[in-house]
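Per-entry structural report
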Amino acid sequence: MAETEMKMAIDPFMVIQKALISVKKPRITRRIVSIDYDEPADILYVKFKHTKIVDNKPLDEEGLVTASLDKQGEAAGLMIMEASKFAATS
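Just so you know, these numbers come straight off a predicted model, no measurement behind them.

So, on to the overall build of the protein chain. Helix and strand content of the protein chain: two helices and five strands. Ordered by position in the sequence, the α and β elements of the protein chain form the string α-β-β-β-β-β-α. Restricting to contacts in the protein chain with at least 6 residues of sequence separation, those with at least 24 account for 45%. Carbon and sulfur atoms form 51% of the exposed surface of the protein chain, whose accessible area is close to 6700 Å².

And the structure:
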């Protein structure tokens, strides 16, 4: 059987870690239920729980890291724009 090498465009866990460093007060759960990367848009979507999102709140000064808030105002997910910038080695 032929071997196939699979490679992701970015390392989502490294992107999340670096993105949260840029956030002043991350009140984020450590449990991730799903991750989705939109490569053409360069946006990483992270869900911490399955719930309806009612609002979004920028978490950093540039507005690249946004919390998706549930009806209780808790972060139910993250949207990390320009995710490849966070994936770049610094």
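Residues separated by three or four positions in an α-helix point in the same direction, a consequence of the helix having 3.6 residues per turn. Considered for burial, the residues of helix 1 (residues 12-21) that qualify are Pro12, Val15, Ile16 and Ala19. Within helix 1, the buried residues cover an arc of 100° as seen down the axis, which keeps them to one side. Residues of helix 1 that are exposed and angled more than 90 degrees away from the buried face: Phe13, Gln17 and Ile21. The elements touched by buried residues of helix 1 are strand 1 (34-38), strand 2 (43-47), strand 4 (65-69), strand 5 (75-81) and helix 2 (83-87).

The subject of this paragraph is the pairing of strand 3 (residues 55-58). Note on strand geometry: in a regular strand, side chains alternate between the two faces of the sheet. In this structure, strand 3 lies alongside strand 4, joined through four bridges in antiparallel fashion. The partner of lysine 57 across the bridge, within strand 4, is alanine 67.

So, on to a nonpolar patch on the surface. Residues Phe13, Ile32 and Ile35 make up a contiguous nonpolar surface patch of about 250 Å² in total accessible area. On the secondary structure map, isoleucine 35 appears in strand 1. On the basis of relative accessible area, isoleucine 35 is assigned to the partly exposed category, the value being 31%.

Counting buried positions along strand 5 gives five out of seven residues, so the element sits mostly inside the fold. Examined bridge by bridge, strand 2 and strand 5 share five bridges and lie antiparallel to one another. Looking at the pairing, tyrosine 45 lines up with methionine 79 of strand 5. Where strand 4 lies against strand 5, five bridges are found, and the strand directions are antiparallel.

What follows is about the confidence of the model for the protein chain. The predicted model of the protein chain has a mean per-residue pLDDT of 82, with 80% of residues at 70 or higher. The secondary structure element of the protein chain with the lowest average pLDDT is helix 1, at 77, and the one with the highest is strand 2, at 93.

Below, the discussion takes up the sheet that holds strand 1. Strand order in the open sheet made by the five strands is 1-2-5-4-3, with antiparallel pairing throughout. Where the open sheet ends on each side, the last strands, each with one partner, are strand 1 and strand 3. Across the sheet, the mean angle separating the axes of adjacent strands is 20° when strand polarity is ignored. Looking at chain direction, strand 1 and strand 2 are connected through five bridges and run antiparallel. Bridge pairing in strand 2 places tyrosine 37 opposite leucine 44.

About the criteria used
- Residues numbered from 1 in each chain as written.
- Predicted model: local features only at pLDDT ≥ 70, side-chain atom pairs only at ≥ 80, totals over all residues.
- Heavy atoms only, no water.
- Helix = DSSP H or I, 4+ residues; strand = E, 2+ residues; numbered from the N terminus.
- Contact = heavy atoms within 4.5 Å.
- Areas by Shrake-Rupley, 256 points an atom, 1.4 Å probe, with all protein chains shown as cover.
- Buried < 20%, exposed > 50% of the residue type's maximum accessible area, 1.4 Å probe, protein only.
- Arc of directions from axis to C-beta.
- Pairing = 2+ DSSP bridges.
- Patch = residues over 30% accessible without salt bridge, like charges linked within 9 Å, V, L, I, M, F, W, Y side chains within 5 Å.
- Salt bridge = Lys/Arg side-chain N within 4 Å of Asp/Glu carboxyl O.
- pLDDT = per-residue confidence, 0-100.
- Axes fitted to C-alpha atoms, helices over the stretch in contact; angles between N-to-C directions.

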